[in-house]
Amino acid sequence: MPHLDQRLKVVARQVRCGTHADIGSDHGHLLKALLASGRIERGIAIENKTQPYANSQATLAGFNAEVRLADGLAGLASGEADCLSICGMGGESIVRILDAYPDRVPDIAIFQPNRKPELVRAWALRNQYNLVDETIAHGHWRYVILRFERPENRPQTHEDPAYEDPAYEGLDQDAALLFGPHELRHRTDEFLTALREEQAYLASLNRLGEEAANRLAVITRILAE
């Protein structure tokens, strides 16, 4: 995948569909790579700032792609895209975009949150999307890429408290939301090393806020298993 950093290469490998929408497209390189490699037939880039909008227009000129100036899913019609990606934002921003127009989120969605991926995982549970893959990419820091799919037998109502994603079955829910159910199941050396490093860092602090204290408690619980 030309012109893509490692995290976007991982995202690109998760995409193969007819029409793909990328929100926060920046320079449009992800869609260009997907179109050039034949992984998608049509691309929709959505930007809410004029300079990235112009950047994406220049990058995608001559490709079967449309660049739109809009705020998130406001620039996409319901059913218009087969697959969606949002990369390089915090989990709070990703969830804000998704919650604004939940009916416009397609059946396949790939997210790369820069922080608080647990908020994105929680959104998927509330809206009955299954977490089918989570992959780590390395760059300036450790990036998590999450792929969600809407199951065919999903109930019609949103936020069904009885809904359960099979990925979380039998796991500590708090730990799985914070660090990923697939990571918890695989317990790779890399994953455990990252947890030990974070545990040591948090334990070294003189004072911990509620969120940090909760992370430390969950990490200690995972490592004790």
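These lines cover the structure that appears in this document, whether it is placed above or below. Small disclaimer: the values here were computed from a predicted structure and weren't measured. (Residues numbered from 1 in each chain as written. Predicted model: local features only at pLDDT ≥ 70, side-chain atom pairs only at ≥ 80, totals over all residues. Heavy atoms only, no water.)

## What about the overall build of the chain?
Stated precisely, the cut-off is as follows: Secondary structure elements are defined from DSSP: runs of H or I of at least 4 residues count as helices, runs of E of at least 2 residues count as strands, and each element is numbered from the N terminus. Atoms counted for the radius of gyration: C-alpha only. Globule rule: 2.2 Å times residue count to the power 0.38. Remark: exposure states derive from per-residue accessible area (1.4 Å probe, protein chains only) relative to the maximum for the residue type, with buried under 20%, exposed over 50%, and partly exposed in between. The criterion used for residue contact is that any of the two residues' heavy atoms lie within 4.5 Å. The Shrake-Rupley method, run with a 1.4 Å probe sphere, supplies the accessible areas, and residue values consider only the shown protein chains as cover. Note that His is not counted, nor are the chain ends; the positive residues are Lys and Arg, and the negative ones are Asp and Glu. Here the site of a charge means atom NZ of a Lys, CZ of an Arg, CG of an Asp or CD of a Glu.
When its secondary structure is counted, the chain shows nine helices and seven strands. Relative to the compact-globule value of 17 Å for 225 residues, the chain shows a C-alpha radius of gyration of 18 Å, a close match. By principal-axis analysis of the C-alpha atoms, the chain measures approximately 55 × 40 × 30 Å. Evaluated residue by residue, the chain yields a buried proportion of 48% over its 225 residues. The long-range fraction of contacts in the chain, counting pairs at least 24 apart against all pairs at least 6 apart in sequence, stands at 62%. Accessible area for the chain stands at about 11200 Å²; split by element, carbon and sulfur atoms hold 48% of it. Taking the average location of the 25 positive side-chain charges in the chain and that of its 33 negative ones, the two points are 4 Å from each other.

## What about helix H8 (residues 189-204)?
Note: α-helices contain 3.6 residues per turn, so residues at a spacing of three or four share the same orientation. How we decide: In this analysis, the expected span of each helix is defined as 1.5 Å times one less than the number of residues it contains.
Between its terminal C-alpha atoms H8 stretches 23 Å, which fits the 22 Å expected from 16 residues at 1.5 Å a residue. On its buried face, H8 is in contact with strand S7 (142-149), helix H6 (173-179), helix H7 (181-186) and helix H9 (210-224).

## Some points on the environment of histidine 182
Position of histidine 182 among the secondary structure elements: in helix H7. Relative accessible area serves as the criterion here: at 19%, histidine 182 is assigned to the buried category. Histidine 182 has contacts with Leu131, Val132, Asp133, Glu134 and Ala167, leaving out every residue within four places of it along the chain.

## Concerning the sheet that holds strand S2 (residues 40-47)
Here is the rule: A strand pair is defined by DSSP finding two or more bridges across the two strands. Lines fitted to C-alpha atoms define the axes here, with helix axes fitted over just the stretch in contact, and angles between the N-to-C directions of these axes take values from 0 to 180 degrees.
With mixed pairing, seven strands are arranged side by side in an open sheet as S3-S2-S1-S4-S5-S7-S6. Strands with a single pairing partner mark the edges of an open sheet, and in this sheet they are strand S3 (65-69) and strand S6 (130-138). Taken over all neighbouring pairs, the strand axes of this sheet differ in orientation by 15 degrees on average, direction set aside. In this sheet, S7 lies alongside S6 in antiparallel orientation, the contact comprising eight bridges. Residue pairing in the sheet places histidine 138 in a bridge with arginine 142 of S7.

## Points about the pattern of salt bridges
Spelled out, the test is: Any carboxyl oxygen of Asp or Glu within 4 Å of a side-chain nitrogen of Lys or Arg constitutes a salt bridge here.
Summed over the entire model, instances satisfying the criterion amount to 17 salt bridges. Close ionic contact of arginine 7 with aspartate 5 constitutes a salt bridge, the shortest N to O distance being 3.1 Å. For aspartate 5, a relative accessible area of 36% puts it in the partly exposed group. Residues participating in the shared-partner salt-bridge network are Arg42, Glu66, Arg68 and Glu80.

## Looking at the side chain of aspartate 165
Selection criterion: Definition of a polar contact: a pair of N or O atoms within 3.5 Å, with one able to donate and the other able to accept a hydrogen when the atoms are protein atoms, and with sequence-neighbouring residues admitted only if both atoms are side-chain atoms.
Of note, aspartate 165 is situated in the loop between S7 and H6. No salt bridge is formed by the buried aspartate 165. Its closest oppositely charged neighbour is arginine 185, at 8.1 Å. A polar contact is formed between the side chain of aspartate 165 and the backbone nitrogen of alanine 167, at a distance of 2.9 Å. If sequence neighbours within four positions are ignored, aspartate 165 has contacts with Leu125, Tyr129, Asn130 and Leu131.

## What to know about the nonpolar core
Short version of the rule: Definition of nonpolar core: a set of buried residues of the types Ala, Val, Leu, Ile, Met, Phe, Trp, Tyr and Cys, connected through side-chain atoms within 4.5 Å.
Counting residues in hydrophobic clusters, the biggest one holds 42 residues, and the most contacted among them are Leu84, Leu98 and Phe111. Here this core gets five residues from one element, more than from any other, and that element is H6. If we ignore the near neighbours within four places in the chain, the residues touching leucine 98 are Leu73, Leu84, Ile86, Val105, Phe111 and Trp123. Listed in part, the 23 residues of the second largest apolar core include Ala33, Leu35, Ile40 and Ala45.

## Some details on the pairing of S7
Each regular strand shows side chains that alternate between the opposite faces of the sheet. Most of S7 is tucked away: six of the eight residues are buried. The pairing of strand S5 (residues 108-113) with S7 spans four bridges and is classified as antiparallel. Residue pairing in the sheet places alanine 109 in a bridge with phenylalanine 148 of S7. With antiparallel pairing between neighbouring strands as the criterion, S6 and S7 make up a hairpin whose turn holds three residues.

## Section: the pairing of strand S4 (residues 83-89)
Condition: Clockwise travel from the first strand over the helix to the second, with the strands pointing away from the viewer, marks a crossover as right-handed.
Most of S4 is tucked away, with five of its seven residues classed as buried. With helix H4 (residues 91-100) bridging S4 and the parallel S5, this β-α-β connection has right-handed handedness.

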